[in-house]
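Take a look at the letters that make up each chain.
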Amino acid sequence: MASEAASQISVGALSAIFDETKPQIPEPIVQCVQIKPLPPQQNHAERILIILDLEVLQDLGEAEKIGEPKPLESKLEEEDKPQPTTISSHGFYGSSTHSAQTQGNDHTPLTRPSVAPGHATIYPIEAISPYAHKWTIKARCTSKSTIKTWHNRNGEGKLFSVNLLDDSGEIRATGFNDQCDMLYNIFQEGSVYYISSPCRVQIAKKQFTNLNNDYELTFERDTIVEKAEDQSDVPQVRFNFTIIGDLQSVEKDSTIDVIGVLKEVGETSQIVSKTTNKPYNKRELTLVDNTGFSVRLTVWGSTAMNFDVAPESVVAFKGVKVSDFGGRSLSLLSSGLMTVDPDIEEAHKLKGWYDAQGRAGAFTSHASMLGASTSTAKPEQFKTVAQVREEQLGMSDDAVYFSLKATVIYIKQDSMSYPACLSEGCNKKVTELDPGQWRCERCDKTYPKPEYRYIMLINVSDHTGHLWLNCFDEVGRSMMGVPADHLMQLRQDENEKTIGDIFQDANCRTWNFRCRAKIDYFGDQQRIRYQVSSAKPINYSEEASRLAHMIESYGI
C-alpha cells in the first residue's frame, strides 16, 4: 500500500512553487508529514502555503511516513525569501498578472505580485494576511469616515477609517491618534494610493465593516501612503448583490449590497435617537427588481437631505443593513455608497427589464410578508408539491418563489441548530475552546456561552406528495414555539419528556409557506434547495376566499 502511494507523490513540487525556473506541476500530490499551529506573531519571514482546497487521496492513519521526506532547503539569502503565497488546487501557480478578480465568495487562485515603477512589489489586497510582511498595495479609497473620538476611564483618543479596493478585493484600514492626524487629509474618496507596510494586519471586526475580508489594517507610525499618478487601473467600486426577492432568506442585521429600480422617493423627515437624543434626517425610498418584489430602503443625514435621484433610475447601494422592522427593510450605513445608473451588467439588465415590462408590473412588498396587504401586491402563486416537482421550479438560473400550503410530517432533530456568536449582526458559528469559552473567529471575541439558532430541515406534505424544506431561525421559532436556546438547555438538563412534547406539538401542523427554489451545487452534483422565507398559520377566512377564487377560475 505504501509503495503504491509513494509512486503517486509529485517529486519536486514544493520546490517548484518557489522557483519559477523549475518545471511546474499543475496539481501536485503531496504527503502531509506534520500538523502544528502557527504562533500568533511571526517576526521573521517564513515560507508558508495557505491551502484553499485539497482532496485526500489516501488516509494512512498512524502508518509510517512514505519514503524519507526531507525539509525543503532554501537556496535564497535571508532578504530574498519569498513572501507567503496562497494556492489552490486549480491554477496552483497563480497568474503572471498582479491581481485576479473574484466573484462573491468564490476562491480564485491568488496571483503573483507585480512591480510598479518607483515602488516595491505590488501585492493584491487578497494576498494580505498576518503572514505577509513587506508589501505595497495600490488601492482606491472608496469610503472615508469622519473623525470619531472616544472618552473612557482608560483615556481618550480619535480615529478614522477608510475602505480600500483593488481588482482582487477590499479591506478596511483604520488610523488612530497620531496616524489619524497625519493621514486623514491625505485620503480622498475616489482617489488611488500606494500603501506600504509596516501596517498591522489583524482579524476584521465585522460589526464595524461591511467588507468581505477576514482581515483589516491598522496604520502605524512608519506606514507610507502616497497618491498614485495613474488612477485608471484600479476599479471604482466592487459589488456583491443580493436580489430583492431573496431578502426574506437573509439574516436580520446582515450587511449586503443591493441594486434596483427607484420606484418611489419619500419626503425627508426627522427622528430623534433614543440613545443619544440627537435628531437625524431620513428619507425612505422604494426599490424594485425583476423578482417581482419591492423593498423600503432608508437613507440618512446629508444623503437624505440632498437626495435628487430621478424615479425610475437604476441605483446600486453598497453596505446596507437588513432589518426586520415591518417585514424586511434596508438602511444605508454611514460607510455605505450609492451609485446611480452604474455602468455594470446588472444595471443594464434591470433597465432593459423595467422599460420592457417592469414599469407596468405589480410588486409584492416585503412588508406584506407579515400579513399586511398592499394595493400593489400581486396574488401569491400557490403551488402543490406535485406542481413544484413537475414544473421543475428552481432549475433555471434564477431563483423562483412560490407559496405552499402543507403539513409538517417530520422535523429532523439532529443538527437542527448551531451555536452562534453573541455580537450584534454577526450570527456566525462559534467554536468551544474550553468549557465556558466560545470563540468567534469573525469577531475575534470569546464568550462564556453562545446563542443557539435554528437551521431546521423539515419534511412537509400535501395531498400530492412531500417535500424537504430548509428553515432559518425566525421560521424555526415560529414553528417550534420556543427559541433554539431553550431546546438546547432542555437537552443539557436531559429533560427528554418536555423536548418530546415540543416536537409533538410542532408536528402535524399546517402552514402557509413562502418558499424560494434555487439550484445548489455539492461538488459535481446539483440539487434544488427549497428555502422557507416565512411560515404563517392558516387564516381560514383568507383560505376560503382563495379557494373560492380558484373555483371561479375553472368557469363552472
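The shown structure was predicted, so the numbers you read here are calculated from the model rather than taken from an experiment.

Caption draft 1: The overall build of the protein, seen in detail. A tally of regular secondary structure across the protein gives ten helices and 28 strands. When burial is assessed residue by residue, the protein has 40% of its 556 residues classed as buried. If you take every contact in the protein between residues at least 6 apart in sequence, the share linking residues at least 24 apart comes to 62%.

Caption draft 2: Fine view of the side chain of Thr 286. Residue placement: Thr 286 occurs in strand β14 (residues 279-288). Judged by relative accessible area, Thr 286 falls into the buried class, the value being 19%. Excluding residues that lie within four positions of it along the chain, Thr 286 makes contacts with Val 261, Leu 262, Lys 263, Glu 264, Ser 294 and Val 295.

Caption draft 3: Structural detail: empty space enclosed by the protein. Taken as a whole and assessed by the stated rule, the structure comprises two cavities of 30 Å³ or more. In this structure, the largest cavity occupies an estimated 50 Å³ of space. Forming the walls of the largest cavity are Met 416, Ser 417, Tyr 454, Ala 484, Leu 487, Met 488 and Arg 491. Split into classes, the residues belonging to the lining of the largest cavity amount to five nonpolar, one polar and one charged.

Caption draft 4: Layout of the sheet that holds strand β21 (residues 431-434). The strand order across the open sheet built from three strands is β21-β22-β23, with neighbouring strands paired in antiparallel fashion. Sheet topology places β21 and β23 (445-447) at the edges, where each strand pairs with a single neighbour. Recorded for the sheet is a direction-independent mean angle of 40° between the axes of neighbouring strands. The pairing of β21 with strand β22 (residues 437-440) spans three bridges and is classified as antiparallel. Bridging across to β22, Asp 434 finds its partner in Gln 437.

Caption draft 5: Quick look at the pattern of salt bridges. Scanning the entire structure with this criterion turns up 24 salt bridges. Its salt-bridge partner being Glu 251, residue Arg 453 comes within 2.5 Å of it at the nearest N-O pair. Linking Arg 453 in strand β24 (residues 451-454) with Glu 251 in the loop between β12 (224-227) and β13 (255-272), this pair joins segments that are 202 residues apart in sequence. Take Arg 453: its relative accessible area is 9%, and that puts it in the buried class. With its nearest N and O atoms 2.8 Å apart, the salt bridge here joins Arg 477 to Asp 473. Taken together, the residues Arg 477 and Asp 473, both in helix α7 (residues 473-480) and four residues apart, mark about one turn of the helix.

Caption draft 6: Representation of the environment of Gly 190. Its location among the elements puts Gly 190 in the loop between α3 (178-183) and β9 (192-196). In sequence terms Gly 190 and Cys 141 are 49 residues apart; their C-alpha atoms lie 5.4 Å from each other. Residues contacting Gly 190, with those up to four places away along its chain left out, are Arg 140, Cys 141 and Gln 231.

Caption draft 7: Broad picture of helix α10 (residues 540-553). Between its first and last C-alpha atoms α10 spans 20 Å; for 14 residues at 1.5 Å apiece the expected length is 20 Å, and the two agree. Sitting at the amino-terminal end of α10 is Asn 539, which places a side-chain oxygen 3.1 Å from the backbone nitrogen of Ser 541.

Caption draft 8: Just unusual backbone geometry, in detail. For the peptide bond that leads from Ser 197 to Pro 198, omega is 15°, which places it in the cis range. Within the secondary structure, Pro 198 is located in the loop between β9 and β10 (199-203). If you check the backbone angles, Asn 427 has positive phi at about 65° while not being a glycine. Among the structural elements, Asn 427 can be located in the loop between β20 (417-420) and β21. Phi is positive for Cys 508, close to 65°, though the residue is something other than glycine.

Caption draft 9: Local environment of the packing of aromatic side chains. Summed over all chains, the structure comprises twelve aromatic pairs. Taking the centre distance of 6.3 Å and the plane angle of 50° together, the rings of Phe 160 and Phe 187 count as tilted. Highlighted residues: Phe 160 in strand β7 (residues 155-166) and Phe 187 in the loop between α3 and β9, separated in sequence by 27 residues. Look at Phe 187 and you get buried, because its relative accessible area is 0%. The ring of Tyr 184 has Lys 144 lying over it, and the distance from NZ or CZ to the ring centre is 4.0 Å.

Caption draft 10: A look at the environment of Tyr 131. Here Tyr 131 lies in the loop between β4 (121-122) and β5 (136-144). C-alpha of Tyr 131 to C-alpha of Ile 50: the two residues are 81 residues apart in sequence and 9.7 Å apart in space.

Caption draft 11: Structural context of the pairing of strand β15 (residues 293-300). Summarising burial for β15: six of the eight residues are buried, a large majority. In the sheet, β14 pairs with β15 via seven bridges, with the strands oriented antiparallel. Its bridge partner being in β15, Lys 282 is matched across the sheet by Trp 300. Counting the residues that bridge the hairpin from β14 to β15 gives four residues, and of these Gly 292 lies at a positive phi of roughly 85°. Pairing geometry for β15 and strand β18 (residues 364-365), over two bridges, is parallel. Within the sheet, the bridge partner assigned to Ser 294 lies in β18 and is Ser 365.

Caption draft 12: How the structure looks around a nonpolar patch on the surface. Among the surface-exposed residues, Ile 51, Leu 54 and Val 56 lie close enough to one another that they form a single nonpolar patch of about 320 Å² accessible area. With respect to the helices and strands, the residue Ile 51 is situated in strand β1 (residues 49-51).

Cut-offs used in this document
Residues numbered from 1 in each chain as written. Predicted model: local features only at pLDDT ≥ 70, side-chain atom pairs only at ≥ 80, totals over all residues. Heavy atoms only, no water. Helix = DSSP H or I, 4+ residues; strand = E, 2+ residues; numbered from the N terminus. Buried < 20%, exposed > 50% of the residue type's maximum accessible area, 1.4 Å probe, protein only. Contact = heavy atoms within 4.5 Å. 1 Å grid on protein atoms, 1.4 Å probe; cavity = no way out; pocket = protein on both sides within 12 Å on 5 of 7 lines; lining within 4 Å. Points joined across faces, edges and corners; volume = space filled by probe spheres on them. Nonpolar A, V, L, I, M, F, W, Y, C, P; charged D, E, K, R; others polar. Pairing = 2+ DSSP bridges. Axes fitted to C-alpha atoms, helices over the stretch in contact; angles between N-to-C directions. Salt bridge = Lys/Arg side-chain N within 4 Å of Asp/Glu carboxyl O. Expected span 1.5 Å × (residues − 1). Polar contact = N/O pair within 3.5 Å; in protein donor to acceptor, adjacent residues only side chain to side chain. Phe/Tyr/Trp six-rings, centres within 6.5 Å; stacked < 30°, edge-to-face > 60°. Lys NZ or Arg CZ within 6 Å of the ring centre and 35° of its normal. Patch = residues over 30% accessible without salt bridge, like charges linked within 9 Å, V, L, I, M, F, W, Y side chains within 5 Å. Areas by Shrake-Rupley, 256 points an atom, 1.4 Å probe, with all protein chains shown as cover.

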